[in-house]
Structure formats: structure tokens, C-alpha cells
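Breakdown of the fold
Each chain is listed here by its residues.
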Amino acid sequence: MSLSSDERVFFANERPFGLILFARNFSSPAQVRELVAQFRCAVGWHAPVFVDQEGGRVQRLGPPLWADYPAAGTVAQVWQHSQGDGVKAVSLFAEALGLELAGMGLSANCIPCLDVPVAGANDIIGLRAFGGDAQMVAQLGAAVIDGCRKAHIYPVIKHMPGHGRAMVDSHKQLPRLACSLDEMRASDFVPFQALNDSPFGMTAHVVVEALDDARPATQSPVVVSQIIRGEIGFSGLLMSDDLSMMALDGDIRTRIRGVFAAGVDMALHCNGEFSDMQAAVLEVPELADNALVRAKASLEFVKAPLAQEEAQARLPQRRAALNDLLGRYGLQQVRLPDVRQGMIV
């Protein structure tokens, strides 16, 4: 896949802050490098290119051309045996994921998932989270950010103010959280507060009934100002979750108006429909004022992109070290791609 002539003109004219890619955009490492280069050429700067490469069931680059990583919740099980090894394993996990991305020119990974699942919650989070202990999630989230930094990759903490209590899948319908604020303060908010200086953060499409029973957090000025910016104290660039998800009502322009009215800095549009992108930009303001300050500050997390050759050279050792730790505790290891055979070994 490469950019169409219409897409090149669109990106050159509109100059979006960044690009997010999905499995539909990938066919080979060389093709990914070229696609990323085309986008940056169109917008005229080394813009961040994001992907959801979490491991487990959420990895946009996977077999047979790319490695198959276990879920974050699986890697986190090392913590149950040794907290020190758990932190090391999660850091290696994030670094290996990041090096694989950096080797193709991508620059941002939408990890860590800092949600704290509760019993009976919908499996949309599940093993994407580290577990049900908020302090553990905070510590392992910090290890992810450390691993991302070593790979020169921007992390994105998600989903604020917490998606772990959702009883339905927000890709399909809008979750409503009926718990008290004290319950969320004791658990959901804790990892986000601990990592509130992260460069990027993502909102949750969930209604927090105790705060705003009409609007999801993504579109709620109350949740954004009082909780995400206030109690949680998040100081980085705040982006919405995917605005194509069925949790949200209205057409794309209505959805985007709600996002910016709430005080979110960046709208995340993921369905790839060109007509939707054309409509979306009609409601997107220029980056300015505090949002522009945060955007510039977020980019300081990575001082310079890692050379693709260096990323590729470091990756095998990091994956081997991670597999050594996972194997030591009998956990699922990273399965490596054999591109020559088109299979996983």
C-alpha cells in the first residue's frame, strides 16, 4: 500500500499532526518504510506515526512477516514470581516492540494500557491490561514507558480516566460506569496519576455517571477538566480514542465538535475512509495556545529518531532476553517470524 495522489494532496494541504496505521496498511517492512516516508514528505516534517502494537490480540503487525508477541497481561505474570524480573520483562517487552517499529520508521506506540479491569467487566480490555492491582499497573506502566524511551518511541497512556469497569465493548456501544468517584479514585485513577507526565494520553469512550451522565469522557468538559487535567494531573497531549467507534453518536463532524469542545487536544480518526477525513478536517482547529505548547513538549520525549539500522541490530538481543525471562517462568514467548518460509517457528 502507498498513498494515493488524492491522499498526498490532502496531507500536504491539511498537514495533520500525525498518522496512525492499521493492519490494512501493512504488507512488508519495505512497504511500511516507504509509506511512512511518503506521509512525512507530504506533511513536510518528521511527523509522528502511531500504531497499536500492544501484543496479544492487539498487534497490527503480526505473523507471518512480523513477530507474534504475547499480551501485556501475559508478560505481567512474571511479576507474580519476581517483581524485579516483572519490571525487567515488561521493559524489554516494550523496548522490543518499539525497536521493531523504529526499524520501519514508525515513531509512536499506543501503549501502555493502564486500565484496571474489575471482575465481570467486558473482555475488551482483558489481557491488554497488566492486571487488577492498581499499584502493580502503575509500576509496570512505568516500565513500558522506560522501554519505549530506550527504543526512541513515543508511548501513549490509555484509556483515561479508566476503561477497566466497562461492561460492554466501546467499539460496539457506549459503556456506562455506575461506580462512585471514590471507587475510581482508589483504583482506576491511580496508574494515570503515577504516570501523569507521559507525553501522550488517550481518552476513554465511557460515561462516568458520577460526573457527567450524558457524555462520554472523550466529549465531556467535566471529565477532561476536573479529572484528567485536574485530579489525575495529566500534563501531556491528550488525544481521543478512535472517533469511528460505535460508542459515539452522530456523524464524524458532530463527534469531532464534541471532542474539541471538551478540551481534548487531538482527534483520532481511524477508519481510513477518505470522505470521512475530508469531512473531519472541517471541524478540526489549528493547533494553538495550550494545545500547541503541549504538542511541542510531547515531541521532546524523543530527542531524535533511532536509526533504522540500529533498531534492527538491537532487536534480536532484546527479544532473546525477553524470551529468556518468559521461558524461565513457563510463560508464552515471542514467536519469531521466518520471512523466508512465511511461517512462525
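Structure shown above.
This one's a predicted model, so the numbers in the text were calculated from it and none came from an experiment.

Criteria and thresholds
- Residues numbered from 1 in each chain as written.
- Predicted model: local features only at pLDDT ≥ 70, side-chain atom pairs only at ≥ 80, totals over all residues.
- Heavy atoms only, no water.
- Salt bridge = Lys/Arg side-chain N within 4 Å of Asp/Glu carboxyl O.
- Helix = DSSP H or I, 4+ residues; strand = E, 2+ residues; numbered from the N terminus.
- Buried < 20%, exposed > 50% of the residue type's maximum accessible area, 1.4 Å probe, protein only.
- Phe/Tyr/Trp six-rings, centres within 6.5 Å; stacked < 30°, edge-to-face > 60°.
- Pairing = 2+ DSSP bridges.
- Arc of directions from axis to C-beta.
- Contact = heavy atoms within 4.5 Å.
- Axes fitted to C-alpha atoms, helices over the stretch in contact; angles between N-to-C directions.
- Parallel < 35°, antiparallel > 145°, perpendicular 65-115°, else oblique.
- Nonpolar A, V, L, I, M, F, W, Y, C, P; charged D, E, K, R; others polar.

Now for the pattern of salt bridges. Overall, the coordinates contain 23 salt bridges when judged by the stated rule. For the salt bridge of Lys158 with Glu54, the shortest nitrogen-to-oxygen distance reads 2.7 Å. Separated by 104 residues along the polypeptide, Lys158 in strand S6 (residues 154-160) and Glu54 in strand S3 (residues 53-55) bring together distant segments of the chain. When sorted by exposure, Lys158 lands in the same class as Glu54, which is buried. With a shortest N-O distance of 2.8 Å, Arg318 and Glu95 are connected by a salt bridge. You can see Arg318 sitting in helix H13 (residues 308-328) and its partner Glu95 sitting in helix H5 (residues 83-102), a full 223 residues away along the chain.

Inspection of every chain in the model, using the stated rule, returns 10 aromatic pairs. Consider the rings of Phe17 and Trp45, whose centres lie 6.0 Å apart with planes at 55°: the pair is tilted. Pair noted here: Phe17 is in the loop between helix H1 (5-14) and strand S1 (19-21) and Trp45 is in the loop between helix H2 (29-43) and strand S2 (49-51), with a separation of 28 residues, a long-range link. For Phe17, a relative accessible area of 13% puts it in the buried group. We classify Trp45 as partly exposed; its relative accessible area is 28%. Between Phe17 and Phe200, the aromatic rings sit 6.3 Å apart at their centres with planes inclined by 55°, giving tilted as the arrangement. Taken together, the residues span a long stretch of sequence, with Phe17 in the loop between H1 and S1 and Phe200 in strand S8 (residues 200-203) at a distance of 183 residues. Given a relative accessible area of 0%, Phe200 falls into the buried group. Pairwise contacts between aromatic rings join Phe17, Trp45, Phe50, Tyr154, Phe200 and Phe301 into one cluster.

This paragraph deals with the pairing of S8. Of the two faces of S8, the one carrying Phe200 and Met202 and the one carrying Gly201 and Thr203 are both buried. Across 3 bridges, S6 lies against S8 in parallel orientation. Opposite Ile157, over in S8, you have Gly201 as the bridge partner. Note: S8 against strand S10 (residues 237-242), 3 bridges, orientation parallel. The residue of S10 that forms the bridge with Phe200 is Leu237.

Turning our attention to helix H12 (residues 289-298). When we look at burial in H12, the residues that qualify are Ala291, Ala295 and Ser298. The buried residues of H12 occupy an angular sector of 70° when projected down its axis, which confines them to one face. Set apart from the buried face of H12 by more than 90 degrees, the exposed residues are Asp289, Asn290, Val293 and Lys296. Close packing links the buried residues of H12 with S6, S8 and S10.

Spatial ordering of the open sheet is given by S1-S2-S5-S6-S8-S10-S11, a layout of 7 strands whose pairing is parallel. Edge positions in the sheet fall to S1 and strand S11 (266-268), since each of these pairs with one other strand and no more. Alignment of S10 against S11, held across 2 bridges, turns out to be parallel. Its bridge partner lying in S11, Asp242 is registered against Leu268. Across the sheet, H12 lies against S6, S8 and S10, angled at about 90° from S10, the strand it touches most.

This paragraph deals with the packing of H1 against H2. Where H1 meets H2, the closest approach of the two axes is 7 Å, and the angle between their N-to-C directions is 45°. Classified by the angle their axes make, H1 and H2 are oblique. Where H1 approaches H2, its residues Arg8, Phe11 and Ala12 are matched on the opposing element by Gln38, Phe39, Ala42 and Val43. Of the residues in the contact of H1 with H2, the class split is 5 nonpolar, 1 polar and 1 charged.

Purely geometric numbers; function is a separate question.
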